[in-house]
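Geometric and topological summary
In case you want the letters, here they are:
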Amino acid sequence: MAAARRIVIDNGAIATVDAHDTEYARGYVVLNGNRIESLGAGAAPEGLENVVQRIDASGHLVTPGLVNTHHHFYQWITRGLATDHNLFDWLVALYPTWARIDEPMVHAAAQGSLAMMARGGVTTAMDHHYVFPRGCGDLSGAIVRAARDMGVRFTLARGSMDRGESDGGLPPDFAVESLDEALAATEETVRQHHDTSFDAMTQVAVAPCSPFSVSTELMRQGARLARRLGVRLHTHGSETVEEEKFCHELFGMGPTDYFESTGWLGEDVWMAHCVHMTDSDIAAFARTGTGVAHCPSSNARLAAGIARIPDMLAAGVPVGLGVDGTASNESGELHTELRNALLVNRLGAHREAALNARQALRLGTYGGARVLGRAAETGSLEPGKLADLVLWRMDTLAHASIADPVTALVFGAAAPVTASFVNGRRIVENGRLLTADEDAIARSTREQARRLAAIAAR
Ligand SMILES: [Zn+2]
């Protein structure tokens, strides 16, 4: 066996986000290879062998790495368009452009999306990709490659659409696949990229886009496929009042009943948004263990509404946070979603009791790992779990006078990341990515955005 290679992080405030919300005002974390070996209050144990690096975390808060549970990487090159639209109008405005994407565009957009999240403390990312125009190249391969090169833990939700305009759906016909094509390509993606090991860097989920762009048959057969292959299921649900109306008109029932009728509630399922949920919808999610990706900024940007997160948490529904695609959340950051989740939910029925800072941090870490099915491996700082963690700098102008570091992280300005580790590997140093060149990515994404705009205008 190879000798242990230890990294010792000393003198930081630590929020473990374990089951007891254990925190240390001053403590240590010892990493050994790709695992957390030990952590606790006070100074690190003496006499540790094979210590390759010591990091003085004075003035820092150490937390689990952030986990993003909903995103569409390709939208990085269509940011800032249709800025005053609701969901359906926004989709109709953007689909014709999205239908022109190709492999170089999607690879650059994935790099941009991943870089923005990684330098802001995301250690586990996901991409729900559902636009596969004919002849567009190997989009799934390009996305997986970008995540692997960035060194971020990753779930690819292989999406699909087969309900084009002529079938009463929203996407144009030339942007959709057939039922058989979608199922076959999804199975192939699982076989190529899904890793079942404890420290897997890449996993794949089955992810038809939404009830208004997917046939009932694809929903049903997609659920069967995922269960046959032993992978998770993801889709969009209950995002807007227009979607609710669409489901009632087309299926004679609301979105949650429709999901239940197609096999789409269960502890292997998580859904983005879930804004328009009745008490019985929330009870159905809780009873079945169905998870939710809460995307407060996107919901605000598209005027979708306020998801009932406090009610979901009280009922026991697993909830994580999502950036959502950057065509509906131009910031592309997850650490600002901690703050937005807290603030937006306080505008709802529960007012100041809706969410506190520690609950917001839990949503963005352990809650996210749980909805991605990775809670045993990541999402909290505990011995034996994977070494996915972030050192947030709290001793500068922005945060130094805020009373408590977790409050500072959630209520304060976006905190600088001094270090971010994924699988024991440092990917961020003093706010800069070590695994990618941000300036080169900025150039290539601008170039691909222009290319896409020019092709779409033809
Ligand atoms: Zn989405």
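Residues numbered from 1 in each chain as written. Predicted model: local features only at pLDDT ≥ 70, side-chain atom pairs only at ≥ 80, totals over all residues. Heavy atoms only, no water.

1. Quick word on the domain arrangement of the protein
Structurally, the protein comprises domain 1 (6-64 + 386-433) and domain 2 (66-371). Across the boundary between the two partners, domain 1 contributes 34 residues, which contact 28 residues of domain 2. Between domain 1 and domain 2 the total buried area reaches about 2,500 Å² when both faces are included, carbon and sulfur atoms providing 63% of it. Scanning the region where domain 1 abuts domain 2 turns up four salt bridges. In this structure, Arg358 and Glu23 form a salt bridge, with 2.6 Å as the shortest nitrogen-oxygen distance. Connecting domain 1 to domain 2 are eight residue pairs in polar contact (both at pLDDT 80 or more). Those elements that place two or more of their residues in the side of domain 1 that touches domain 2 are strand E5 (60-64), strand E14 (389-393), helix H13 (405-411), strand E15 (417-422) and strand E16 (425-429). Grouping the constituent residues of the side of domain 1 that touches domain 2 by class yields 20 nonpolar, seven polar and seven charged. (Domains from an automatic or database assignment. Contact = heavy atoms within 4.5 Å. Buried area = accessible area lost by both parts, 1.4 Å probe. Salt bridge = Lys/Arg side-chain N within 4 Å of Asp/Glu carboxyl O. Polar contact = N/O pair within 3.5 Å; in protein donor to acceptor, adjacent residues only side chain to side chain. Helix = DSSP H or I, 4+ residues; strand = E, 2+ residues; numbered from the N terminus. Nonpolar A, V, L, I, M, F, W, Y, C, P; charged D, E, K, R; others polar.)

2. Considering the coordination of the zinc ion
Taken together, the protein ligands of the zinc ion are His70 (NE2), His72 (NE2), His236 (NE2) and Asp324 (OD), with distances of 2.1 to 2.5 Å. Taken together, the four donor atoms coordinating the zinc ion span angles of 89 to 175 degrees at the metal, a pattern that classifies the geometry as irregular. Sequence spacing of the donor residues for the zinc ion, all on one chain, is H-x1-H-x163-H-x87-D. Of this pair, His72 sits in the loop between strand E6 (66-67) and helix H1 (87-98) while Asp324 is found in the loop between strand E13 (319-321) and helix H11 (335-346), placing the two residues 252 residues apart along the sequence. For the residue pair His72 and Asp324, the accessibility class agrees, reading buried in each case. (Donors = N, O, S within 2.8 Å, 3.2 Å for Na, K, Ca; no water. Tetrahedral: all angles 85-135°; square planar, octahedral: opposite > 155°, others 65-115°. Buried < 20%, exposed > 50% of the residue type's maximum accessible area, 1.4 Å probe, protein only.)

3. Notes on the environment of Asn299
Topologically, Asn299 is positioned in helix H9 (residues 296-301). Judged by its relative accessible area of 2%, Asn299 falls in the buried class. For Asn299, the side chain forms a polar contact with the side chain of His273, separated by 3.1 Å.

4. With respect to the pattern of salt bridges
Taken as a whole and assessed by the stated rule, the structure comprises 24 salt bridges. Among the ionic pairs, Lys385 bridges to Glu382, the shortest N-O distance being 4.0 Å. For Glu382, a relative accessible area of 27% gives the class partly exposed. Connected through shared salt-bridge partners, Glu23, Arg358 and Asp404 make up one network.

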